[in-house]
There are 2 protein chains.
Amino acid sequence: MALIGQQNMSTKDLKRVSGSEAVELPEGERPTLKTIAFMAGLGVTTVSRALKDAPEIGRATKNRVQLIAKQIGYRPNRAGVRLRTGKTNVISLVLNAQSEIMGLTSNMVYGISEILSQTPYHLTVTPYSVENDPMQPIRYIVETGSADGIIMSRTEPDDARVRYLTEHGIPFATHGRTEMGIEHPFHDFDNEAFAYKSTKSLLIKGHKKIAMVAGPTSAVTYHRHLDRGFSRAIEEGGAQAILVPDIDVDTSLECIRDRMEEIMSGRNRPDGIVCCSGSAAIALVAGIEAAGLKIGRDVDLVSKQSTDILKWFRPEIIVFNEDIRHAGRELARAVLRRIEGVDARELQSLSYPEE
Amino acid sequence: MALIGQQNMSTKDLKRVSGSEAVELPEGERPTLKTIAFMAGLGVTTVSRALKDAPEIGRATKNRVQLIAKQIGYRPNRAGVRLRTGKTNVISLVLNAQSEIMGLTSNMVYGISEILSQTPYHLTVTPYSVENDPMQPIRYIVETGSADGIIMSRTEPDDARVRYLTEHGIPFATHGRTEMGIEHPFHDFDNEAFAYKSTKSLLIKGHKKIAMVAGPTSAVTYHRHLDRGFSRAIEEGGAQAILVPDIDVDTSLECIRDRMEEIMSGRNRPDGIVCCSGSAAIALVAGIEAAGLKIGRDVDLVSKQSTDILKWFRPEIIVFNEDIRHAGRELARAVLRRIEGVDARELQSLSYPEE
DNA sequence: CTCCCAGTCTGAAACGTTACAGGTAGGCTA
DNA sequence: TAGCCTACCTGTAACGTTTCAGACTGGGAG
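Notes on the structure in this doc start here. Note that the structure is predicted; figures quoted are calculated from it, not measured.

## Let's talk about the overall build of chain A
Across its full length, chain A holds 13 helices and 11 strands. Sorting the 355 residues of chain A into buried and exposed places 51% on the buried side. Here the analysis covers contacts within chain A between residues at least 6 apart in sequence; of these, 65% occur between residues at least 24 apart. Taken as a whole, chain A presents about 16,600 Å² of accessible surface, with 51% of it coming from carbon and sulfur.

## Some details on the protein's contact with DNA strand C
Surrounding DNA strand C, one finds 25 residues, the nearest of these being T46 and T61 of chain A together with S48, Y74 and R84 of chain B. L33 of chain B has a polar backbone atom sitting 2.8 Å from a phosphate oxygen of DNA strand C. In the environment of DNA strand C, a phosphate oxygen lies 3.0 Å from a nitrogen or oxygen atom belonging to the backbone of N77 of chain B. Those elements giving two or more residues to the surface near DNA strand C turn out to be helix 2 (44-51) and helix 4 (78-85) of chain A together with helix 3 (44-51) and helix 5 (78-85) of chain B. Among the elements that line the surface near DNA strand C, the one with the most residues is helix 5 of chain B, at four residues.

## With respect to the pairing of strand 9 (residues 300-305) of chain A
Residues and elements named next belong to chain A. The buried count for strand 9 comes to six of six residues, which makes it a mostly enclosed element. Alternating residues of strand 9 divide into D300, V302 and K304 and L301, S303 and Q305, and every residue in both groups is buried. Where strand 8 (residues 272-275) meets strand 9, four bridges bridge the pair, whose relative direction is parallel. Bridging from a neighbouring strand, G272 pairs with D300 of strand 9. Regarding the hand of the β-α-β motif, the stretch spanning strand 8, helix 11 (residues 278-290) and strand 9 is right-handed. Note: strand 9 against strand 10 (residues 318-321), four bridges, orientation parallel. What sits directly across from Q305, in strand 10, is N321.

## Brief notes about the nonpolar core
Core analysis: the biggest nonpolar cluster contains 60 residues, and I273 of chain A together with I273 of chain B have the highest contact counts within it. If near-sequence neighbours (up to four positions away) are discounted, I273 of chain B is found in contact with L202, A211, V213, M260, M264, L284, I288, V299, D300, L301 and V302 of chain B. Ranked by size, the runner-up nonpolar core spans 47 residues in total, among them I112, I324 and L347 of chain A together with A332 of chain B.

## A short note on the pairing of strand 4 (residues 172-175) of chain B
All names here are of chain B. The alternating pattern of strand 4 places F172 and T174 and A173 and H175 on opposite faces, both of which are buried. Pairing of strand 3 (residues 149-152) with strand 4, which is carried by three bridges, proceeds in the parallel orientation. Across the sheet, I150 pairs through a bridge with F172, a residue of strand 4. The β-α-β motif built from strand 3, the intervening helix 8 (residues 160-168) and the parallel element strand 4 has right-handed crossover chirality. The pairing of strand 4 with strand 5 (residues 186-189) spans two bridges and is parallel.

## A closer look at the interface of chain B and chain A
Often the size quoted for an interface is simply the accessible area lost on bringing the parts together. Taken together, the contacts link 58 residues of chain B with 54 residues of chain A. Both faces considered, chain B and chain A share a buried interface measuring about 4,400 Å² in area, 58% of it formed by carbon and sulfur atoms. Applying the counting rule to chain B against chain A returns two salt bridges. A salt bridge links E254 of chain A to K311 of chain B; its shortest N-O distance comes to 2.8 Å. The interface formed by chain B and chain A holds 17 residue pairs in polar contact (both at pLDDT 80 or more) in total.

## Concerning the sheet that holds strand 8 of chain A
Residue and element names in this part refer to chain A. With parallel pairing, five strands are arranged side by side in an open sheet as 7-6-8-9-10. If you trace the sheet from one side to the other, it starts and ends with strand 7 (240-242) and strand 10, each paired once. Direction aside, neighbouring strands of the sheet carry axes that sit 20 degrees apart on average. Against the sheet, helix 8 (residues 191-204) engages strand 6 (209-213), strand 8, strand 9 and strand 10, with an angle of about 165 degrees to strand 8.

## A few points about the pattern of salt bridges
Residues and elements named next belong to chain B. All told, the structure shown has 48 salt bridges over all chains when counted by the stated rule. We note a salt bridge from R161 to D159, for which the minimum N-O separation is 2.9 Å. Taking the relative accessible area as the measure of exposure, D159 reaches 2% and is therefore buried. A salt bridge links R333 to E330; the nearest nitrogen and oxygen atoms lie 3.3 Å apart. Taken as a pair, R333 and E330 lie in helix 14 (residues 324-339) at a separation of three residues, close to a single helical turn.

Rules used throughout
Residues numbered from 1 in each chain as written. Chains lettered and ligands numbered in written order. Predicted model: local features only at pLDDT ≥ 70, side-chain atom pairs only at ≥ 80, totals over all residues. Heavy atoms only, no water. Helix = DSSP H or I, 4+ residues; strand = E, 2+ residues; numbered from the N terminus. Buried < 20%, exposed > 50% of the residue type's maximum accessible area, 1.4 Å probe, protein only. Contact = heavy atoms within 4.5 Å. Areas by Shrake-Rupley, 256 points an atom, 1.4 Å probe, with all protein chains shown as cover. Near = heavy atom within 4 Å. Polar contact = N/O pair within 3.5 Å; in protein donor to acceptor, adjacent residues only side chain to side chain. Pairing = 2+ DSSP bridges. Right-handed = clockwise from strand over helix to strand, strands pointing away. Core = buried A, V, L, I, M, F, W, Y, C linked by side-chain atoms within 4.5 Å. Buried area = accessible area lost by both parts, 1.4 Å probe. Salt bridge = Lys/Arg side-chain N within 4 Å of Asp/Glu carboxyl O. Axes fitted to C-alpha atoms, helices over the stretch in contact; angles between N-to-C directions.

Now the structure itself:
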């Protein structure tokens, strides 16, 4: 551990500008406020203020300083700013490191980055393993002050993280909604609308026995929305809902397939299925086909997908798309504006299923 | 907290306490070296050194200081360390923000995080858009000193980023190899072995006209390896290589399918195909089936995959697995050890195709 | 002529850390 | 007894930034 700092390309012995004029030109080293101050013949304070357009600095001076800064490619030292102000200029994406088949995480990351790339913010990713407490990374970030804002997913109706962050006044945005009477920034896909529309589309095709996967077993909020939309459509259509028990967002694909085969081999099998994730749909299909049935003939399947894969898999599947990259953009925008102090209620958005 | 009263024995300690600073008890604020120094009745310098087990600090003192630090949950302030030492404790993952169907990026991120979670390092992700210069994020990181080490992918035989980082002495590790006479840390999947083995397996099945997708059109190094393994196996087996021109790592799936359909409808169509990515395989299958052929009957397909999806898609596809999460772990380990000063040649690893 | 004010600019201090150059006490050598 | 060494510990300065409390103009008011 004594070795760690050693890579740090030494030769730091540069003549320092102390009180008098030890001439230091923009050689090798990164320019700082001091460099600009020296070049402009001003004090560091003035330069600092000039660069942020403070009103007590003359127009001419500001222009001059800003010109120099641009010319020599000045970039504020993040450590300096952070130490002095506590502002990290970091947004942390907290997610669970579950293996996933589709590029869900990637698209979220890319969406967020798209927004952050036009700001001084950096993005750090903090996964937590499935067996760990989801609160742990959150606590770490808050206790060490290592980010100005947090984006997280797998939001639950009563979410301990939301409560904790709200109590501590840390800006955050969630992918998904809560139901705990706390107003906070979020972005969510309207899963109720999806479930409703997709169930409807099955009803219109004349199906009468409809199943939804995965059901409301899970702790995650959006399953409640799915259930709501599903139940509403079922009721309106006077159809029968077939239950698919014990499947949630973490159920393995193998398990989904087996469960599905079982159900599709039973005598009360559904003629229409609503599925809420692309990967689950793939397992469903395997189960259905293992039961000797065929999508689009014996049973219709409508699924949400966050990546355009199902059309390659079985073109017969009816798909609705959830744009995760867009979610990433929305969440990034929300958390940034929250940091600026915008009211949480203005930072809540939904996106709607598109066929 | 429990240790507050613990001002033990000596009388001379008191002079420090009453001597200069205002008495500042461990309030809501985060503890710093000063807090510990006050509690232990020592100087900040001593505490700093005691915490890193410096030899010039007495055993007893070290134990005492470390105990206090643990008790009050002391965490070094990253900004302080970074400002003073230049060490950021950040690893940056630089990747291109191409949409991807499989969870390639995610698994890389998770693999890296697995390693970093046991260290003080954080992971930042810096995507660059496809139309941008790949050098841009690299330059940014180096110029602003915003990471201690870099991990990057899409490595090319003559890679400008590798040259630049080597010249600047910045630790990095690449996913994939270069061919430019510069020794640097890398992890790579042995694509030559994969191409050789998979082509062999087709030869053994009696196939005589074999195609490989994607071909060596791409700038990325690993296509050369694929080509080498493929050619070697073809030569040994006295088979015929069917060319699939103009397909590279960035070709859209639609385009791959169309090209494939065309080729499979031609009169000199292959009876065996080697494919180097799961998503390309999906498009290939579509093309093959559009030509009215069937995998496993008219043509055999062997593909690499980085996520276990092909078995769901067409179980007839013969698969080899590339473990991206493992690659992430290897790369993280490599860049960390490089930061510690380990020779680059000791930080080069390959992983081998597994069926 | 003085006084005050607005408009500009400034040095010092502080954030938390580590490197440097000592300092002190006690014991051992000569 | 003086001198020196070892084992521990210490204060100060510095990293780059922002905030605080001035300080210096020139000019207008009294």
